[in-house]
Amino acid sequence: MTQTAKKYEVVIGIEVHAQLLTKSKMFCSCSKDYYDSEPNTHVCPVCLGMPGVMPVINQQAVEYTVMTGLALNCDIPERAKFDRKNYPYPDLMKGYQISQYDLPLCKDGWLEVDLDGETKRIGVTRVHLEEDTARSTHKAGEGGEGYSLIDVNRSGVPLMEIVSEPDVRSGKEARLYVTKLQQILRYLGVSNANLDEGNMRCEPNVSLRPVGQEAFGSKVELKNLASFKAVENAVQFEIERQTKLLEAGEPVAWETRGWRDDEGITVRQRGKELAEDYRYFPEPDLPPLTISRAYVEDLRSKLPELPDAARARFTNNYGLTPYEANLLTATRARSKFLEEVVAEDAGEKMLARAKATSHWMLGDFARLLNASNLEIEGSKVRPADLRALILLIEEGTISNTGAKHVFEQMFESGKAPGDIVAEEGLTQISAADELGGIIEKVIASNEKPVADYKSGKEEALKFLVGQVMRGTRGRAKPDLVHELLKEQLS
Amino acid sequence: MADELHRLTAHEARKLLSNREVSSVELTQAVLDRIAAVDDRLGAYLTVSDELALAQAADADTSLSNGGGGLLTGVPVSVKDNMCTKGIRTTCGSRMLETFVPPYDGHVISRLRDAGAVLIGKTNMDEFAMGSSVEHSAFKPTHNPWALDRVPGGSSGGSAAAIAADEAIIALGSDTGGSIRQPASLCGVVGLKPTYGRVSRYGLVAFGSSLDQIGPITKDVRDCALMLNVISGHDERDATSVEMDVPDFTEALTGDIKGLRVGVVDEYLPDDLDAGVRGVAEAALAELESLGASIERGVSLPNTKYALACYYIIAPSEASANLARYDGVKYGYSYQDGDSMWANMDGTRQHGFGDEVKRRIMLGTYTLSTGYYDAYYLKALKVRTLIRQEFDEAFERFDVLFGLVSPTPAFRLGEKTDDPFEMYLSDVFTLPTNIAGIPGMSLPAGFVEQDGQLLPVGIQLLAKPFDEASILRTAYAYEQATSWHTERPPG
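Numbering of residues begins from 1 in every chain and follows the order in which that chain's sequence is written. Ligands are numbered from 1 and chains lettered from A, in the order in which they are written. At least 70 in pLDDT is required for a residue's local features to be given in this predicted model, at least 80 for side-chain atom pairs to be given and counted, and no such filter applies to totals for whole chains, interfaces and linings, which use all residues. Only hydrogens and water are set aside when side-chain values are computed; all heavy atoms of the structure are taken into account.

## Focus: the pairing of strand E7 (residues 135-140) of chain A
Regular strands show a simple pattern: their side chains alternate between the two faces of the sheet.
Residue and element names in this part refer to chain A.
Then step 1. Think of it this way: DSSP has to see at least two bridges between two strands before they count as a pair. Put simply, DSSP H or I for four residues or longer makes a helix, DSSP E for two residues or longer makes a strand, and each gets a number counted from the N terminus. Sheet analysis places E7 next to strand E8 (residues 146-151), joined by 6 bridges and oriented antiparallel. Looking at the pairing, Lys 139 lines up with Tyr 147 of E8.
Then step 2. Counting the residues that bridge the hairpin from E7 to E8 gives 5 residues, and of these Gly 144 lies at a positive phi of roughly 85 degrees.

Right, dumping it as C-alpha cells:
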C-alpha cells in the first residue's frame, strides 16, 4: 500500500441519496412512510404515473434540502428548477424521473472530517432534490423462471442527492465523510439516514491516476454499501484491485461494481462504456423555483446546532476531552442526554457531573445499549435517573461498585435508582463497627495475603479490600475499609 | 319541439331546464337519439355513456325541481377522449389505452360535475392528440358533417363534429397546436383555446405539456363564455395553472366593440391564399369595421415563419417523455409474446402506438439527445421567447389580432395522410398561439364552395395572455351581427 500511495493517487467522489422525513411524497399527498407497509398501499394516480397526472412540489422537501445545503456551507442560488431525466425501467412509473439537472437547490459547499487529529475539508458539489423510484424484487418461480415484483410505495418518496467533490483519498476518508453526513442529516432531523434500511444510499466513485497526472482514470461506481464498514472496506478493496490491474498494465473498466459484504469483494454489475443519454430537459409541469433571500435567511436562523458546534461546546463548556465530546455528540439524542443530566448545575459541580455522566455514557451505559442493540433514545434510563444515581454516589449513599449494580437494574426495569437502593438495601455501610465482623472474618480466612502484606507487599491489601467489599455486596465505603484493614493489620 | 331539442345551445337549454319546460332526461335522451341516428356515418364518438348520462340527467332534474342547479345543470356535455373520466374508459384515440379506465376524474371533469353537467360521451380524436384530421385515431375516422368525404379537422375533430351535427349541446376539446381551433373552423363551430395556465391540465393526458390547454367547443359565443366560466381557475394539482381571479366571461358579451383596436396579421393571410377563403376574411373585417372597430392592416409577425419548426421540436420533445410511461407494465395494452421484459416493452410500443405517434416520439428523442439538444431544443426555446416578445409588442398596439385559422377549408379524407409535412402545414396559423401561450378563438365566418360542397371557414381572434374577454367581446359582437352560427349542415 505504501508503494501505491507513492505511485498512484486515489480519487474518490461520493454520491449520497437520502430519503427525506417529510409527511408526504415528493409530488403527491401519499404518505411516504412505507417501511412497514404492505406493498402498493401508499399509492395514488400521481405516484403510479397514470395518464394525465401532474406533480406538485412538496415544500417541506424543498425546505429540508435547503437546510441541508446551509448545514453543508452551500450557496443557495435564487433560481432552481426541476428537469426530467429520461430512462426506461419498469420501476420508474413515468418513464422519467423528476430530478434537477443544471440548476440544483444547493451548490458549492463543504464539510469537515477529523482525520487522525487533522481536520480535512471535503467539497460538496451540489445538493439536489428528486423522487425515488418504485422497488423491484426479482424472484424465481417454481419452474425456475424469473419474474419481478414492483412495490410502488417507494415511488415518489422525496430523495435528496448530495454529490461530493473528488476530494476523498481513502476508504477511511470515505467512511468518515459518510458518517459525518449521516450525523448532520440526523441533527437537522431531515432524514433517518440509515444505510442498512436503504433510506440513505452511498455510491462512491473510485479511480486511480499516476501521481502528477491531471486526467482522471476510469472510475468505478460502487453499490450495495449497507454499513459504514462496508463503505470503508469496499473502497479499500477497490483501490487495491485497481492498483493490481494498473501494476499489471491492464486497463480499469469503467463500470458499476457491487460490494459483497460476506466475501469482502466487489463484482461487476454493468458496464458504463455505453454512457446512457438521459436526455434531460426542463420539467414543463413545474414552473422554475425562485428561492428568496428572506426564505434562505429565515431557514438559516432556524438551523439547529450542528455536530461540529456541539462538539466544541462539549469540550469548552463541560471540560470533556475531544474523544469524549466526539462520541457524546455523535447523535443529537446522546448530546441532549448529557445536557439534561447536568442542566441544573454550574461551575465545578457541573464539570464533575458532566465527567461522571460521560463515564457512565461511554462505559456501562454504552455496553448495555450495545448488548441489547439499542440507541440511547430507546433506553428506559432517563437523564433524571442517571443524575439521581450520580448524586447518590456523591453523597456516599452507595459505592461505585454498588452503583454499577444499581445501574444495571435501572437499565433493566427503568426504575429510579433511589427505589432500587431502598428495595435491595444497598445503602453504603459507613459505620466502622458494622464492618468490624466482616473484616475479622476476611483476615482470618486469608492467611497468605495477610502475611504478604505484613511482609511489605502493599498489593495484598487491595486484595483484602476487595474481599471485604464482596462480603458487603459492594455496600461498604472502600476508603473506610482500606483504613480499617490497615489499622487491624498494623 | 321535442325532436329539435338536440339543436339547443347550452344557454338556451339551461333556461328551458330552469323553467322546467324540458327535463334533463328529455334533453339527454334527445341528444342520445341524435347520436344513434347520425353517429354511424359521422364517427364523432368513441364512447357514449348513455346509462350514466340518463342517471346524471335524472339527478339533475331532481336538483332543478328543488330550485337548485349550477351553470350547466342538466346540460349534456361531450368531452374529448383525452380527459380522464373516472369509471369511463379514456382511450386517447390509441390502442395503447383502448381498455384504460381511469380511477380518477380530471379537473375539468370535476368542474363539469360540480356545475351539474351530464356527461354524454367521449369524442374521437387523433391518437394522443397528434394530428389535424382525426385520421390518426386508432379506431375510426370522423367525418365532417358538412361533407362526409372530408375530415373534421383535428385533433379535437370528434368534439367539433359532434357540436356541428348537434350530437352534443356543448363540448370540450384540447389544443396543443390548433387542435380546438382548426377543427372548429373546419366544422363551422366556435372553439377557444384559453391562455396557457387558465384551465387546469390535471387529468388531461399529456402530449406537449408546455403547450396543451383545454377549451370549449360550442355552438355560439355565449356558450363559449359559459363553458369558460365553468372550467377556468387555479387548481392546486396543476402547478402551471395560474392563481388569479377569473372574471365572469359572459360580462364581456356586450355587443359593443366601438374603438376596439384590431390588428390584421399579414402572416395569417398570405398572398397565395385561396380567393374564397380570403373573401371570408375580408368580409369579416368589413363587418368588424362597420361595428366600430378600428382595423389596422399590414401588421407583421415575422417570426411566424419559425413557429412550425419551433413547435415540431418542443412538442415532440415533451411528448417523447410524456409517452414513456406506456410500457405495458401498469395499465393499458401489454404485449406479452416477447422473450424478455425488454422485448415485451418494445412490443407494447410497437403494436400499441400508431405511426404518427412513433414518428413524434422519435423526433423528440432525437432533438433531446446529447449533441443535438443545443442545436434543436435549446434553439427552439430561444425562438419561443422571440415569438412571445413579438406578440407582446403587438398587443401594446392592439386589443385583438385577426387572421385565418387554417389556410384551407376541410380537406378530403386521405388527402394528406401520405405526407406528414402537408398535414403539419394545416396548423401553421394556429401554432404560434400555443408557443406564446396566448388565447385564441376560431369563429364561424362564412363558407366557401368547393366541388359543389359548402365548407365552413373560421376566422381567428387572438388576445394577450388572460384577456379572453376581449376575444369574446369581439366574437359576440360579430356573431350578433351575422348568422353564420345558426347554419346547420345537411342531415
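## Details of the nonpolar core
Then step 1. By size, the foremost hydrophobic cluster in this structure holds 229 residues, and its most contacted members are Leu72(B), Phe128(B) and Phe402(B).
Then step 2. Core analysis: the second largest hydrophobic core is formed by 30 residues, Ala325(A), Met350(A), Leu368(A) and Leu392(A) among them. Side-chain atoms within 4.5 Å are what join buried Ala, Val, Leu, Ile, Met, Phe, Trp, Tyr and Cys residues into a set we call a nonpolar core. Whether a residue is buried, partly exposed or exposed follows from its accessible area with a 1.4 Å probe, protein chains only, as a fraction of its type maximum: under 20%, in between, or over 50%, in that order.

## Some words on a negative patch on the surface
Then step 1. Think of a patch as exposed residues, more than 30% relative accessible area, with no salt bridge, where like charges cluster within 9 Å and nonpolar side chains (Val, Leu, Ile, Met, Phe, Trp, Tyr) cluster within 5 Å. The accessible surface values rely on the Shrake-Rupley method and a 1.4 Å probe; as for residues, cover is taken only from the protein chains in view. By salt bridge we mean one thing: a side-chain nitrogen of Lys or Arg within 4 Å of a carboxyl oxygen of Asp or Glu. Charged-residue counts in this description rest on Lys and Arg as positive and Asp and Glu as negative, His and the chain ends being excluded. All charge positions are set by atom: Lys at NZ, Arg at CZ, Asp at CG, Glu at CD. Together, Glu415(B), Asp418(B), Asp419(B) and Glu422(B) make up a negatively charged patch on the protein surface.
Then step 2. The topology assignment puts Glu415(B) in the loop between strand E9 (400-404) and helix H13 (420-425).

## Observations regarding the state of the cysteines
Then step 1. Criterion for a disulfide: a pair of cysteine sulfur atoms within 2.5 Å. A full pass over the atoms with the stated rule returns 0 disulfides over all chains.
Then step 2. Here Cys47(A) is not cross-linked by a disulfide; its sulfur's nearest cysteine counterpart is in Cys30(A), at 3.8 Å.
Then step 3. Here Cys92(B) stays free of any disulfide, with the sulfur of Cys84(B) as its closest cysteine sulfur at 7.9 Å.

## Regarding the interface of chain A and chain B
Then step 1. Residue-level contacts link 31 residues of chain A with 39 residues of chain B.
Then step 2. Buried area: the sum, over both parts, of the accessible surface (1.4 Å probe) that disappears when the two are put together. Of the roughly 2600 Å² buried between chain A and chain B, counting both surfaces, carbon and sulfur atoms make up 64%.
Then step 3. Looking only at chain A, the three residues that lose the most surface to chain B are Pro51(A), Met54(A) and Arg279(A), adding up to 23% of its buried area.
Then step 4. For the pair chain A and chain B, the interface holds 1 salt bridge. The criterion used for residue contact is that any of the two residues' heavy atoms lie within 4.5 Å.

## A look at the domain arrangement of chain A
All names here are of chain A.
Then step 1. How far each domain reaches was decided by an automatic or database domain assignment. Along its sequence, chain A is organised into domain 1 (3-297), domain 2 (307-424) and domain 3 (432-489).
Then step 2. Measuring from the centre of the C-alpha atoms in domain 2 to the corresponding centre in domain 3 gives 31 Å.
Then step 3. Contacts between domain 2 and domain 3 engage 4 residues on the former and 5 residues on the latter.
Then step 4. By the criterion of area lost to domain 3, the three top residues of domain 2 are Ser 399, Thr 401 and Glu 424, representing 75% of everything that side buries.
Then step 5. Throughout this description, a polar contact denotes any pair of N or O atoms lying within 3.5 Å of each other; where both atoms belong to protein, one of them has to be capable of donating a hydrogen while the other can accept it, and for residues adjacent in sequence the pair is counted only when both atoms sit in side chains. The interface formed by domain 2 and domain 3 contains 0 residue pairs in polar contact (both at pLDDT 80 or more).
Then step 6. Three residue categories are used. Nonpolar comprises Ala, Val, Leu, Ile, Met, Phe, Trp, Tyr, Cys and Pro, charged comprises Asp, Glu, Lys and Arg, and polar comprises the others, including Gly. Residue composition of the side of domain 2 that touches domain 3, grouped by class: no nonpolar, 3 polar and 1 charged.

## Notes on the side chain of Ser207(A)
Then step 1. Summarising the element assignment, Ser207(A) is placed in strand E10 (residues 200-210).
Then step 2. By relative accessible area, Ser207(A) is classed as buried at 5%.

## Regarding the packing of aromatic side chains
Then step 1. Two aromatic rings, drawn from Phe, Tyr or Trp (for Trp, its six-membered ring), form a pair once their centres lie within 6.5 Å of each other, and the interplanar angle then sorts them: stacked below 30 degrees, edge-to-face above 60, tilted otherwise. All told, the structure shown has 28 aromatic pairs over all chains when counted by the stated rule.
Then step 2. An angle of 70 degrees between the planes, with centres 5.7 Å apart, marks the rings of Phe281(A) and Tyr377(B) as edge-to-face. Of this pair, Phe281(A) sits in strand E14 (residues 281-282) while Tyr377(B) sits in helix H12 (residues 374-397), placing the two residues on different chains.
Then step 3. With a relative accessible area of 0%, Phe281(A) lands in the buried category.

## Details of the sheet that holds strand E9 (residues 158-164) of chain A
Residues and elements named next belong to chain A.
Then step 1. Strand order in this open sheet of 8 strands is E5-E6-E9-E1-E10-E11-E12-E13, and the pairing throughout is mixed. Since the sheet does not close on itself, it has two edges, and those belong to strand E5 (106-115) and strand E13 (265-271), each with one partner. Averaged over all adjacent pairs, the angle separating strand axes in this sheet is 30 degrees, with direction ignored.
Then step 2. The pairing of E10 with strand E11 (residues 220-223) spans 2 bridges and is antiparallel. Note on E11: the bridge partner recorded for Val 206 is Val 220.
Then step 3. Inter-axis angles, ranging from 0 to 180 degrees, are taken between N-to-C directions of lines fitted to C-alpha atoms, where helices are fitted over the stretch in contact. Strands in contact with helix H3 (residues 171-188) are strand E1 (8-19), E5, strand E6 (118-131), E9 and E10; relative to E5, the strand with the most contacts, it is inclined by about 115 degrees.

## A short note on the sheet that holds strand E7 (residues 261-265) of chain B
All names here are of chain B.
Then step 1. Ordered by their spatial adjacency, 11 strands build an open sheet running E1-E3-E2-E4-E6-E5-E10-E11-E9-E7-E8, and the pairing between neighbours is mixed. Among the strands making up the open sheet, the edge pair consists of strand E1 (45-48) and strand E8 (294-299). Adjacent strand axes in the sheet meet at a mean angle of 30 degrees, parallel and antiparallel pairs treated alike.
Then step 2. Relative to strand E3 (residues 118-123), strand E2 (residues 76-80) is paired through 5 bridges, and the arrangement is parallel. Residue pairing in the sheet places Val 79 in a bridge with Lys 122 of E3.
Then step 3. Seen against the sheet, helix H7 (residues 221-231) touches E2, strand E4 (170-175), strand E5 (190-193), strand E6 (213-218) and strand E10 (440-450) and runs at an angle of roughly 145 degrees to E6.

## Some points on the layout of surface pockets
All names here are of chain A.
Then step 1. Space inside the second largest pocket adds up to approximately 1400 Å³.
Then step 2. As for the second largest pocket, its lining consists of 42 residues, and the residues nearest its centre are Thr 179, Gln 182, Ala 330, Thr 331 and Arg 334.
Then step 3. Contributions of two or more residues to the lining of the second largest pocket are made by E5, H3, helix H6 (307-316), helix H7 (322-328), helix H8 (332-341), helix H9 (347-362) and helix H10 (364-371).
Then step 4. Considering every element that reaches the lining of the second largest pocket, the biggest residue donor is H3, with 8 residues.
Then step 5. By residue class, the composition of the lining of the second largest pocket is 17 nonpolar, 11 polar and 14 charged.
Then step 6. Shared between two domains, the lining of the second largest pocket takes at least three residues from each, and those domains are domain 1 (3-297) and domain 2 (307-424). The distinction between a cavity and a pocket rests on a 1 Å grid over the protein atoms alone: a 1.4 Å probe fits inside a cavity but cannot get out, while a pocket stays open yet meets protein on both sides within 12 Å along at least five of seven lines, and a residue with an atom within 4 Å of a point counts as lining. Grid points are joined across faces, edges and corners, and a volume is the space filled by probe spheres set on the points.

## So, helix H3 (residues 50-65) of chain B
Residue and element names in this part refer to chain B.
Then step 1. Given a helix with a known number of residues, its expected span is that number minus one, times 1.5 Å. Relative to the 22 Å expected for 16 residues at 1.5 Å per residue, H3 spans 22 Å between its end C-alpha atoms, a close match to the ideal helical length.
Then step 2. Buried within H3 we find Ala 53, Gln 56, Ala 57, Ala 60, Asp 61 and Leu 64. In a view along the axis of H3, the buried residues occupy a sector of 150 degrees, so they form one face of it. Counted as exposed and oriented over 90 degrees from the buried face of H3: Glu 51, Asp 59 and Ser 65.
Then step 3. In the core, the buried residues of H3 are packed alongside helix H1 (10-18), helix H2 (24-42), helix H4 (107-114) and E3. Comment: arc refers to directions from the helix axis out to C-beta atoms.

## A few points about the environment of Asn73(A)
Residues and elements named next belong to chain A.
Then step 1. By secondary structure assignment, the location of Asn 73 is in the loop between helix H2 (59-71) and strand E2 (79-80).
Then step 2. Residue Asn 73 is classed as partly exposed on the basis of its relative accessible area, which comes to 34%.
Then step 3. Taking the C-alpha atoms as reference, Asn 73 lies 49 Å from Gly 396; in sequence the two are 323 residues apart.
Then step 4. Once you skip the residues sitting within four places of it in the chain, Asn 73 turns out to touch Asp 108, Gly 109 and Trp 110.

## A closer look at the environment of Ala253(A)
Then step 1. Of note, Ala253(A) is situated in the loop between helix H4 (228-247) and strand E12 (255-260).
Then step 2. Through-space distance from the C-alpha of Ala253(A) to that of Arg268(A) is 9.4 Å; in sequence the pair is 15 residues apart.

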